[in-house]
Amino acid sequence: MNKTIRRYGWLAFAGLIAVTLLLPVKARVQEGPQGTAFMPPPPDHQKNLNPKLDFPLQRMAAIYAAEGIEKVREYAAQHKIEMEGDLIRVVAEADSGSLGNAGLQARVSIVSGEIEALGGRVETSYENLIQHLVNPGTIQAIARLPKVKFLRLPLKPFPMAVTTEGVAKTGADTWHGVTAYRTTEKAKVCILDLGFQGYSGLLGTELPSSVTVRSFRADGDIEAGEVHGAACAEIVHDMAPDADLFLVNFGTEVEQHLAVDWIIGQGVKVISYSVGWFNAGDGKGTGPICNDVKKAYDAGIIWCNSAGNDGENHWEGTFTDSDADHWMNFSDTDEHLMVYGSECYAYMNWDDWGTWNGTNYSGSNNDYNLYLYYWSGGTWNWIDSSTGSQNGNDWPTESVGAYASAPVYWALYVYKSSASRNCKLEIFTVGNNYVYEYNVPAGSIDIPADSPYSVTVGATDCISDALHSYSSRGPTHDGRVKPDFTAPSGVTTQTYGYRNFYGTSASAPHMAGAFGLILGKTPFSTSQVQAILEGRGLDLGTSGKDNLYGIGRLKLTK
Amino acid sequence: MKRIAAVSAIFIGFLAVGLIAGPSVILKVKIQTANVRSEPDMSSAAIAQVKFGTLFESSNKVGNFYEIAITDKDGKTVYGFIHASVVEVLGGGEEEVIKEEEKVQKPVPKTEVKPQRVEPVPAEFKKMGLGLFVGASSSSDYGSGLAFGAQFYFGITKNIGLEVSGLRFQTTAKETDDETKLSKGKLAVMPLQLSLVARFPVGAKIVPYVAAGGGYYLNTFTLDSALVGSWDNLGIDIDETIDNAFGFHLGAGLDYFIKPNIAVGASVKYCLAKTKGSWTMKEQVSSEETSGTLNDLKLNAFVFGASLKYFF
């Protein structure tokens, strides 16, 4: 076994940023291990599952009880789960029942007190969600609190790959010299991202001399060791030099909810959002993340969302088991989905989310598990499992992950544990890898790019207009065409320097900048500007709106 | 105007000649033989003799002598003087002639009489007048520009009259970020005004006046072509319109009569008018359109300048 391979791949970490596209994984390996129906027996982690805990917290609690804090740290490091010393950041879902706002606030306050009495440290809350830090030894105790409905790790956002020639390419420069007509209000454009490291050094040059900055992270760190947001802001400023920029960051979905509420209150007209989520919704535009998009839309805000960089990191299909052994057959003779790269973080969900009631899904009672193996010594070796129990009210999600010191072959296995039907499965492989076999680009739109209320933006080359292969494609799980547009990628920014800024992360701020530019020059409403840009998009690919290019590449000229 | 001036000059010329020449008289020699002398003096030489009953016409009397014209033996016309005692005045302006100054003067040949400057007739009460106006306007919101117009005056009494005028003043609205105003472009305001005029003649030539009234303002606005072009390049049409309006005005001026019926003058008028307008912006590809109204367009402006008026 490769010594650098860690056990227990699980939940990917935000720091994966961009690597999908930036790291040199493009040298494809043509030969690799052959598919096999053979399935080595994985360890059984499904015993004595606590239905009020998500799988990784159960594992961490179990590891802590059996092996101590050091092993928990090892597990967290392997899965890139952030820890604050010995503490793990978790989210408790308080049972909101039929309480009104006042009652819910009182309950959250009471539960927060109970958590702190057990040694937890409450950081922030939103509606019934209480974000706090806990020692792994108290996880089970907190989960047992009567009014804690569920305890889990926070959902984690992923900044998309980073990389502006887009100004001239889109014709935005033709607008720059025009005096605004019948409007004196500067357009407020918010870059909602994970971090803005180095932004202050860009003020007055790559960014306006003055910007509004607000962090919703628990630690209040606007830079957060992440330059991604600063690069996005550069593009928005290049496109719309007169716009007022708001740089806002967050780290979890709870913090994002708070951030969006604040942004709405600031009168922001456009949000540039180059962040994606996995296992955070049904792919039909619902879920807690998409909820924020709708909330912004209802407040009159245009939400420009990168489509995702998962065109080559995606598989989806209906569970098939031709040899009736409960293991998914990716072909008649192949029970694994092979991935190549130096890391493999895989997120699986299936079409059994139930009903979204505005705050949660009714849940799944079809139980599938996900296993990760790697190729070494002429055989497949188990490295990680995700075997959460979907027994009626759980989200239909599993995730595994691991990394290596050098690219290796990985194999994902799917096991039908207890299911009344063959569900449609979807797997994203995040990180420095690509799906070696059975890649299905269609339907690779990230969350919340699937929202009907977002302007979803794919990536075309800033020189050739060719669609970048990584650019996520539609349709959504409810059959809607996405993305809505494509916009330039591979552009030059100060932040990324010689590497250029690649990814749909670069495309979304072009779109947001276009909105900001026109809104700052004209009295058109946001919906009118959207209609104008839809009318001007440069149709690429199949005539009309399609799942690769949407309407076409962003174009501001007539 | 030149034509009017020329006709006036000729008329005045004839008038002047009439005043200088005076009336003539018919003389009849009433003695058997009378001397015609070279000078109006009994001691001067007799240059001819005329017989009883000869008739002459004289328009000049110097002392007790009438200047007459006679024909000499060579058939030439020569002038001489005959004593009043030897002639009988048969008719004409005897009284006026008699009243002429007594001192002896050299006769002035008729052919040497030249027109002299005539004092103008005071414009005390002219029933009607026509005028032209040219000047400038200064708008509080839209800058300054040229102004011109025409007017018709109808006098009711010596001091009161009505004036109907048509005016046009055009300004260039500057680029502005004030959303309540018109954008950069040309604004033309054409008030049709009725004024009550009070005139206060001072002496024979100077007539100050004040005026007040109301009117209907015909307005047009044309967006700056460069501004329109810059948006057209982006595939967007822009347009702005302005409504007509009712307005009021106050004015004052002064007419100076350079001729009995002609006056030049200076005047200032403050026009107050408020109107509405609209703007539209339409995108050419999607036909998305947005528009708005301009509810408080102020056309207030000072209009000042010079005028030339003909009264009759």
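Our structure is the block above this text.
Residues numbered from 1 in each chain as written. Chains lettered and ligands numbered in written order. Predicted model: local features only at pLDDT ≥ 70, side-chain atom pairs only at ≥ 80, totals over all residues. Heavy atoms only, no water.

Caption draft 1: Spotlight on the overall build of chain A. On a plain count of helices and strands, chain A comes out with 12 helices and 21 strands. Relative to a compact globule of 558 residues, whose C-alpha radius of gyration would be 24 Å, chain A shows 23 Å and is just as compact. Taking the principal axes of the C-alpha coordinates as reference, chain A spans close to 70 × 60 × 40 Å. Carbon and sulfur atoms form 49% of the exposed surface of chain A, whose accessible area is close to 18900 Å². Each charge sign in chain A was given a centre, from 42 positive and 61 negative side chains, and these centres are 4 Å apart. (Helix = DSSP H or I, 4+ residues; strand = E, 2+ residues; numbered from the N terminus. Rg over C-alpha atoms; globule rule 2.2 N^0.38 Å. Areas by Shrake-Rupley, 256 points an atom, 1.4 Å probe, with all protein chains shown as cover. Lys, Arg positive; Asp, Glu negative; His and termini not counted. Charge placed at Lys NZ, Arg CZ, Asp CG, Glu CD.)

Caption draft 2: Spotlight on the pattern of salt bridges. Residue and element names in this part refer to chain A. What the rule picks out here adds up to 24 salt bridges over all chains. The salt bridge involving Asp242 is made with Lys521; its shortest N-O contact spans 3.8 Å. Placement of Asp242 in the loop between α8 (228–239) and β9 (244–249) and of Lys521 in helix α11 (residues 504–521) is noted, with a sequence separation of 279 residues between them. Taking the shortest distance from any N to any O, the salt bridge between Lys295 and Asp261 comes out at 3.0 Å. Remark: Asp261 occurs in helix α9 (residues 253–265) and Lys295 occurs in helix α10 (residues 288–298); sequence separation between them is 34 residues. Exposure remark for Lys295: the relative accessible area of 26% places this residue in the partly exposed category. You can call Asp261 partly exposed: its relative accessible area is 34%. Salt bridges linked by common partners bring Glu70, Arg73 and Asp86 together as one network. (Salt bridge = Lys/Arg side-chain N within 4 Å of Asp/Glu carboxyl O. Buried < 20%, exposed > 50% of the residue type's maximum accessible area, 1.4 Å probe, protein only.)

Caption draft 3: Layout of the packing of aromatic side chains. All names here are of chain A. One pass over the full model with this rule turns up 33 aromatic pairs over all chains. Both rings, one in Phe278 and one in Phe428, keep their centres 5.0 Å apart while their planes meet at 50°; by these two values the pair is tilted. Separated by 150 residues along the polypeptide, Phe278 in the loop between β11 (275–276) and α10 and Phe428 in strand β18 (residues 424–430) bring together distant segments of the chain. For Phe428, a relative accessible area of 5% translates into the label buried. Among the aromatic side chains, those forming a connected cluster through ring pairs are Trp327, Tyr371, Tyr373, Tyr413 and Tyr415. (Phe/Tyr/Trp six-rings, centres within 6.5 Å; stacked < 30°, edge-to-face > 60°.)

Caption draft 4: Focus on the interface of chain A and chain B. Of the residues lining the interface, 19 residues belong to chain A; the matching set on chain B comes to 30 residues. Taking both sides of the interface into account, the surface hidden between chain A and chain B amounts to around 1900 Å²; carbon and sulfur atoms contribute 63%. The largest contributions to the chain A side of the interface with chain B come from Tyr181, Arg182 and Lys558 of chain A, which together make up 39% of the buried area. On the surface where chain A and chain B come into contact, there are 2 salt bridges. Arg536 of chain A is paired through a salt bridge with Glu283 of chain B; the nearest N and O atoms lie 2.5 Å apart. There are 11 residue pairs in polar contact (both at pLDDT 80 or more) connecting chain A and chain B. The element best represented in the side of chain A that touches chain B is helix α12 (residues 526–536) of chain A, accounting for 5 residues. Its residues assigned to classes, the side of chain A that touches chain B comprises 8 nonpolar, 7 polar and 4 charged. (Contact = heavy atoms within 4.5 Å. Buried area = accessible area lost by both parts, 1.4 Å probe. Polar contact = N/O pair within 3.5 Å; in protein donor to acceptor, adjacent residues only side chain to side chain. Nonpolar A, V, L, I, M, F, W, Y, C, P; charged D, E, K, R; others polar.)

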